[in-house]
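Examination of the molecular architecture
So the chains spell out like this:
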Amino acid sequence: MHEASIAGSIVRSVLSAAAEAKARKVETVVLEFGEWSAFQPEQVEFWLRIGFENTPAASAAFEFRTVPGRIRCRACGTEGPCPKPENGAIDPFIGPVLECPSCGGSDVEIMSGREAVVKSIRVKK
Ligand SMILES: [Zn+2]
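Each value, and the rule that gives it
The residue numbering used here restarts from 1 in each chain and proceeds along that chain's sequence as written. Reporting of local features is limited, given that this is a predicted model, to residues whose pLDDT is at least 70; pairs of side-chain atoms are given and counted only at 80 or more, and all residues count toward the totals for whole chains, interfaces and linings. Segments assigned H or I by DSSP are reported as helices when at least four residues long, segments assigned E as strands when at least two residues long, and all are numbered from the N terminus. To assign burial, the other C-beta atoms lying within 10 Å of each residue's own C-beta are counted, with C-beta atoms placed from the backbone; 20 or more indicates buried, 12 or fewer indicates exposed, and intermediate counts indicate partly exposed. This entry defines residue contacts through backbone-placed C-beta atoms, with two residues in contact when those atoms are within 7 Å. Strands were regarded as paired on the criterion that DSSP finds at least two bridges between them. Each axis is a line fitted through C-alpha atoms, and for a helix only the stretch in contact is used; angles between axes span 0 to 180 degrees, taken between their N-to-C directions. Each nonpolar core reported here comprises buried Ala, Val, Leu, Ile, Met, Phe, Trp, Tyr and Cys residues connected via C-beta atoms within 7 Å. Every crossover in which the path from the first strand over the helix to the second runs clockwise, viewed with the strands pointing away from the viewer, is termed right-handed.

1. Describing the overall build of the protein
Regarding its fold elements, the protein presents two helices and eight strands. Each helix and strand of the protein, placed in order from N terminus to C terminus, yields the pattern α-β-α-β-β-β-β-β-β-β. A burial count over the protein gives 25% of its 125 residues as buried. Sequence-distant contacts, at least 24 apart, represent 81% of the contacts inside the protein between residues at least 6 apart.

2. Examining the sheet that holds strand 2 (residues 61–67)
If you walk across this open sheet you meet the three strands as 2-1-8, and the pairing is mixed. Every other strand in the sheet has two partners, leaving strand 2 and strand 8 (116–124) as the edge strands with one partner each. Geometrically, the sheet is characterised by an average inter-axis angle of 20 degrees between neighbouring strands, direction not taken into account. Here strand 1 (residues 25–34) runs beside strand 2; their pairing, made up of seven bridges, is parallel. Each residue of the ladder has a partner; that of Glu32, found in strand 2, is Arg65. In the packing of helix 1 (residues 2–20) onto the sheet, the strands contacted are strand 1 and strand 8, and the crossing angle to strand 8 comes to about 35 degrees.

3. Considerations on unusual backbone geometry
The backbone of Lys22 shows a phi angle near 50 degrees, a positive value even though the residue is not glycine. When you line up the elements, Lys22 lands in the loop between helix 1 and strand 1. Overall, the presence of 8 C-beta atoms within 10 Å leaves Lys22 in the exposed class. Although it is not a glycine, Asn54 adopts a positive phi angle of roughly 60 degrees.

4. Focus on the nonpolar core
Of all hydrophobic cores here, the largest spans 18 residues; its most connected members are Ile10, Val14, Val26, Val29 and Ala57. If you list the elements that add at least two residues to this core, you get helix 1, strand 1, helix 2 (41–51) and strand 8. Non-local contacts of Ala57, meaning those with residues more than four positions away in its chain, are made with Val14, Leu15, Ala18, Val26, Val29 and Phe52. If you look at the next biggest cluster of nonpolar residues, it comprises six residues, including Ile71, Cys82, Cys100 and Val108.

5. Notes on the pairing of strand 1
Alignment of strand 1 against strand 8, held across eight bridges, turns out to be antiparallel. Looking at strand 8, one finds that Phe33 is bridged to Ala116. Handedness of the strand 1-helix 2-strand 2 crossover: right-handed.

6. Quick word on the sheet that holds strand 4 (residues 79–81)
Two modes of strand pairing occur in sheets, parallel and antiparallel, and in both the strands are linked by backbone hydrogen bonds. Overall, antiparallel pairing links the three strands, which are arranged 4-3-7 in an open sheet. The open sheet terminates on both sides in strands that have one partner only, identified here as strand 4 and strand 7 (108–112). For this sheet the average axis-to-axis angle between neighbouring strands, irrespective of direction, equals 35 degrees. As paired strands, strand 3 (residues 70–73) and strand 4 are joined by three bridges and run antiparallel to one another. The residue bridging Ile71 from the neighbouring strand is Gly80, located in strand 4.

See below:
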């Protein structure tokens, strides 16, 4: 399951950051998700709760932030935000199928919008 594996890597990076900071308790975990990532925040949160059981992050609050997607068109050089694909379908492996808002071409490179990263954590020492 997709969300379970991303949650697993989030758990590892939060716990290693907490250990480095010698934290007794992780209070908040700020997560950034690209607007085109295929993750459901509720699903990720579900797996994070399981992953953080019996750890200093067991009672942490999660803050989800959305990172806007940006593209660069290889055909016309346009860079910037891009409307979501009309059918809304996002393949978890190849990502959204996007069209350049300027020329309608599909040879676009995704600059941001697919990430799922730990932005920061707040801890109590
Ligand atoms: Zn273009």
